[in-house]
Amino acid sequence: MNYQATPEFAQELDRQDPLSKYRNQFHIPKDQEGNSWLYFCGNSLGLQPKKTQEYIQQELTDWANLGVEGHFEAKNPWMPYHEFLTETMAKLVGAKPIEVVTMNTLTTNLHLLMVSFYQPTDKKYKIVIESDAFPSDKYAVESQLSFHGYDPKDGLILWTPREGEELLRMEDLEGILEEQGDEIAMLLIGGVNYYTGQYLDIKKIAELGDAKNCMVGIDLAHGAGNIKPNLHESGVDFAAWCTYKYLNSGPGSLAGLFIHEKHAHNKNLKKFSGWWSHNKTTRFNMRQELDVIPGAEGYQLSNPPILSMAAIKASLDLFDEVGMDALREKSEKLTGYFEYLINAMGSDRIKIITPSNPKERGCQLSVQVLNADKSLHNKLTEAHVITDWREPDVIRCAPVPLYNSFEDVFKMTEILKTLL
Ligand SMILES: *Cc1c(COP(=O)(O)O)cnc(C)c1O
């Protein structure tokens, strides 16, 4: 692509963009003069689709008018409400419907999945994560190790970038597995690393883990709605992701869970259960032995929060309309343009940590600014450029193809240039 660093060129890219109309389907925060913020934090909290209010209002109205009858009589009956999300959610992550359910929150789902997939023995008990794993994932696996009676200092193996490097190398994971594979029970890896934006080869990780009889889990918090992870085809055992980042479902909204079809009918898999794990046709007989639903749905414990699911449905309906293929196509162009503009600044203080190969990243670029401190981030925020700061010197920016424009990234880099 022959990019140019001019406002006219950015505007022309927006005119040619078949997805540009979707920006208008979102609430973009504005300053007091009515100018839209330059919002690059969809990797942290996605913006609100304008339709979300209507979707939630529908459920409030049905609750007001129908009370408990809403479980069956609501326009979107609450009893099977989670099923309305499953097909789109499965498509987004490249899974079969039996492999996916929407429930709980991300870290909760990771724990429930580890009940099944982290079954340590005296010989094989260690867990591998990335050294720059999201803190919640690290705390979760450390607490699982402790819960099972192992010392996290001994049981936790960090897959670490080499000295002087920021990105992970697959050969190094291979090395860890060659050396310690017999002691490793599970890998839990961020499919797209939250810090560097590196999109790892999930299929390769699954193969490496499988070759050493390790269970493999992928955290897709920064992947779902951003990249196309092909979970089923990759062969990973399990995965989980939140929906409030790229899936725009609102703060603290429910999460996704995936268990591979190969485990769907395994009755020996240990798991925790509740009444929502039980066969849907006999659930309300209430006096039966537990009859667990095969696949991901069997991981549900409780009847779910419909208001949160309504917000997810509002967003997923948009994803369904646009499709991940079109989104990825725009995303590569948009992030490519962003990368071009940053490099065109010609500043020797700036280094992009994220891989430059579009196949090894989603939309996020992590930009390291030498000799910068958080005051740079604060100045950006004052200028209504919303990014995410990570100590000591990295700005994480995610141009989101559903609502960010080429003009957004142009304006953002102009402001960054003046601040530097
Ligand atoms: C955002 C994020 C979380 C947050 O977990 P919650 O349980 O939803 O609060 C966990 N892990 C990763 C990798 C994340 O990016």
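Keep in mind that this is a model prediction, so the values were computed, not measured.

**Q** For this particular structure, what's the right way to read the overall build of the chain?
**A** Each helix and strand in the chain was counted, giving 14 helices and 13 strands. In terms of C-alpha radius of gyration, the chain reaches 22 Å, essentially the compact-globule figure of 22 Å for 420 residues. When its C-alpha atoms are laid out on the principal axes, the chain stretches across 70 × 60 × 35 Å. Here the chain, with 420 residues, has 55% of them falling under the buried criterion. In the chain, the proportion of contacts linking residues at least 24 apart, taken out of those at least 6 apart, comes to 70%. Counting every atom, the chain has about 18,700 Å² of accessible surface; 49% of that belongs to carbon and sulfur. Computed over 42 positive and 58 negative side-chain charges, the inter-centroid distance for the chain is 1 Å.

**Q** Looking at this structure, how should I read a negative patch on the surface?
**A** A surface patch of negative charge is lined by Asp201, Glu207, Asp210 and Glu360. Along the chain, Asp210 falls in helix α9 (residues 202-211). Asp210 gets classed as exposed once you look at its relative accessible area, which sits at 51%.

**Q** Just checking my understanding: could you explain the site of the ligand for this structure?
**A** Within the structure, the ligand sits among Leu106, Thr107, Phe134, Asp137, Asp219, Ala221, His222, Tyr244 and Lys245. At 2.6 Å from a nitrogen atom of the ligand is found a side-chain nitrogen or oxygen belonging to Asp137. For the ligand, whose free accessible area comes to 390 Å², the fraction covered by protein is 84%. Grouping the amino acids of the shell around the ligand by side-chain chemistry returns four nonpolar, two polar and three charged.

**Q** Before we go on, may I ask you to explain the sheet that holds strand β10 (residues 365-369) in this structure?
**A** The strands that make up a sheet pair up through hydrogen bonds in the backbone, lying either parallel or antiparallel. The strand order β9-β10-β13-β12 describes an open sheet built from four strands, whose pairing is antiparallel. Edge positions in the open sheet fall to β9 (350-352) and β12 (388-390), since each of these has one partner strand only. Direction aside, neighbouring strands of the sheet carry axes that sit 25° apart on average. When β12 meets strand β13 (residues 394-397), the two strands line up antiparallel, connected through three bridges. Bridge pairing in β13 links Trp389 to Ile395.

**Q** What's the story with the domain arrangement of the chain in this structure? I'm lost.
**A** Interfaces are often sized by the accessible area lost when the parts come together. When the domains of the chain are assigned, the result is domain 1 (7-50 + 323-419) and domain 2 (80-320). If you average the C-alpha positions of domain 1 and of domain 2, the two centres end up 28 Å apart. Between domain 1 and domain 2, the residue contacts involve 34 residues of the former and 25 residues of the latter. For the domain 1 face of the interface with domain 2, the top three residues by lost area are Met324, Ile353 and Arg390, together amounting to 22%. Across the contact surface, domain 1 and domain 2 share two salt bridges. Residues Lys228 and Asp325 are paired through a salt bridge, measuring 2.5 Å at the closest nitrogen-oxygen approach. At the surface where domain 1 touches domain 2, the tally comes to 15 residue pairs in polar contact (both at pLDDT 80 or more).

**Q** Before we go on, may I ask you to explain the packing of aromatic side chains in this structure?
**A** Within a pair of aromatic rings, the relevant descriptors are the distance that separates the centres and the angle that separates the planes. Throughout the structure, instances matching the rule amount to 16 aromatic pairs. With a centroid separation of 6.5 Å and an interplanar angle of 85°, the aromatic rings of Tyr3 and Phe9 are classed as edge-to-face. Neither residue differs from the other here; Tyr3 and Phe9 are each classed as buried. Ring centres of Tyr125 and Tyr150 lie 4.6 Å apart, and the angle between their planes is 10°; on these two criteria the pair is classed as stacked. With a gap of 25 residues between them, Tyr125 in the loop between α5 (106-117) and β3 (126-130) and Tyr150 in the loop between α6 (135-147) and α7 (152-155) connect regions that are remote in the sequence. Here a set of aromatic residues connected by ring pairs shows up, and it is made of Tyr3, Phe9, Tyr337, Tyr340 and Phe406. Here the basic side chain of Lys271 rests over the ring of Tyr299, its NZ or CZ set 4.9 Å away from the ring centre. Sitting over the face of the ring of Trp276, Arg283 holds its NZ or CZ atom 4.0 Å from the ring centroid.

**Q** Where do I start with α9 in this structure?
**A** Since the α-helix turns once every 3.6 residues, residues separated by three or four places project in the same direction. When we look at burial in α9, the residues that qualify are Ile202, Ile205, Ala206, Leu208 and Gly209. What you see down the axis of α9 is that its buried residues fit within an arc of 165°, all on one side. Opposite the packed face of α9, turned more than 90 degrees from it, sit the exposed residues Asp210 and Ala211. The inward-facing, buried residues of α9 abut β4 (156-159), α8 (170-180), β5 (184-190), β6 (215-219) and α10 (231-234). Residue Asp201 occupies the N-cap position of α9, its side-chain oxygen lying 3.3 Å from the main-chain nitrogen of Lys203. Note on α9: the residue one or two positions beyond its end, Asn213, has a positive phi of about 55°.

**Q** When you look at the side chain of Gln364 in this model, what are you seeing that I'm missing?
**A** Topologically, Gln364 is positioned in the loop between β9 and β10. For Gln364, a relative accessible area of 2% gives the class buried. A distance of 3.1 Å separates a polar side-chain atom of Gln364 from the backbone oxygen of Tyr194. Within the local environment of Gln364, its side chain forms a polar contact with the backbone oxygen of Tyr195, the two atoms lying 3.4 Å apart. Apart from residues no more than four positions distant in its own chain, Gln364 is found in contact with Asn43, Tyr194, Tyr195, Thr196, Gly197, His222, Tyr246, Thr354, Arg396, Cys397 and Ala398.

**Q** Just to check I follow, could you spell out the pairing of strand β7 (residues 238-242) for this structure?
**A** The buried fraction of β7 is high, at five of five residues. The side-chain alternation of β7 yields two buried faces, one formed by Phe238, Ala240 and Cys242 and the other by Ala239 and Trp241. In this sheet, β7 lies alongside β6 in parallel orientation, the contact comprising three bridges. Note on β7: the bridge partner recorded for Ile218 is Ala239. Both β7 and strand β8 (residues 255-259) contribute to a ladder of five bridges, which runs antiparallel. What sits directly across from Phe238, in β8, is Ile259.

Procedures and definitions
- Every chain's residues receive numbers from 1 upward, in the order its sequence appears when written.
- A pLDDT threshold of at least 70 governs which residues receive local features in this predicted model, and a stricter bar of 80 or more applies before side-chain atom pairs are shown or counted, although totals over entire chains, interfaces and linings include all residues.
- Values shown for side chains rest on all heavy atoms present in the structure; no hydrogens or waters enter the calculation.
- A run of H or I in DSSP becomes a helix once it reaches four residues, and a run of E becomes a strand once it reaches two; helices and strands are each numbered from the N terminus.
- Note on method: radius of gyration uses C-alpha positions; expected globular size equals 2.2 Å times residues raised to 0.38.
- A 1.4 Å probe rolled over the protein chains alone gives each residue an accessible area, and that area as a share of the maximum for its type sets the label: buried under 20%, exposed over 50%, partly exposed in between.
- Contacts were defined at the residue level, with two residues in contact if any of their heavy atoms lie within 4.5 Å.
- For every accessible area listed, the method is Shrake-Rupley and the probe measures 1.4 Å; residues are considered covered only by the protein chains on display.
- Under the convention used here, Asp and Glu are negative, Lys and Arg are positive, and both His and the chain ends fall outside the count.
- Charge placement uses NZ in Lys and CZ in Arg. For Asp and Glu, CG and CD serve respectively.
- Exposure above 30% relative accessible area and the lack of any salt bridge qualify a residue for a patch; like charges then connect within 9 Å, and the nonpolar side chains Val, Leu, Ile, Met, Phe, Trp and Tyr within 5 Å.
- Whenever a carboxyl oxygen of Asp or Glu lies within 4 Å of a side-chain nitrogen of Lys or Arg, that contact is scored as a salt bridge.
- To be near a molecule or strand, a residue needs just one of its heavy atoms within 4 Å of it.
- Side-chain atoms alone can form a polar contact between residues adjacent in sequence; in general such a contact is a pair of N or O atoms within 3.5 Å, and within protein one must be able to donate a hydrogen while the other accepts it.
- All residues other than Ala, Val, Leu, Ile, Met, Phe, Trp, Tyr, Cys, Pro, Asp, Glu, Lys and Arg, Gly among them, are scored as polar; the first ten of these are nonpolar and the last four charged.
- Strand pairing requires that DSSP identify at least two bridges connecting the strands.
- Axes, fitted as lines to C-alpha atoms, cover a helix only where it is in contact. Angles between the N-to-C directions of the axes lie from 0 to 180 degrees.
- The split of the chain into domains comes from an automatic or database domain assignment.
- Here's the idea: put two parts together, see how much 1.4 Å probe accessible area each one loses, and the total over both is what we call buried area.
- Think of it this way: a Phe, Tyr or Trp ring, Trp meaning its six-membered ring, pairs with another when their centres are within 6.5 Å, and the plane angle makes it stacked under 30 degrees, edge-to-face over 60, tilted otherwise.
- For a ring to carry a charge above it, either NZ of a lysine or CZ of an arginine must fall within 6 Å of the ring centroid while also lying within 35 degrees of the normal to the ring plane.
- This arc corresponds to the set of directions leading from the helix axis out to the C-beta atoms.

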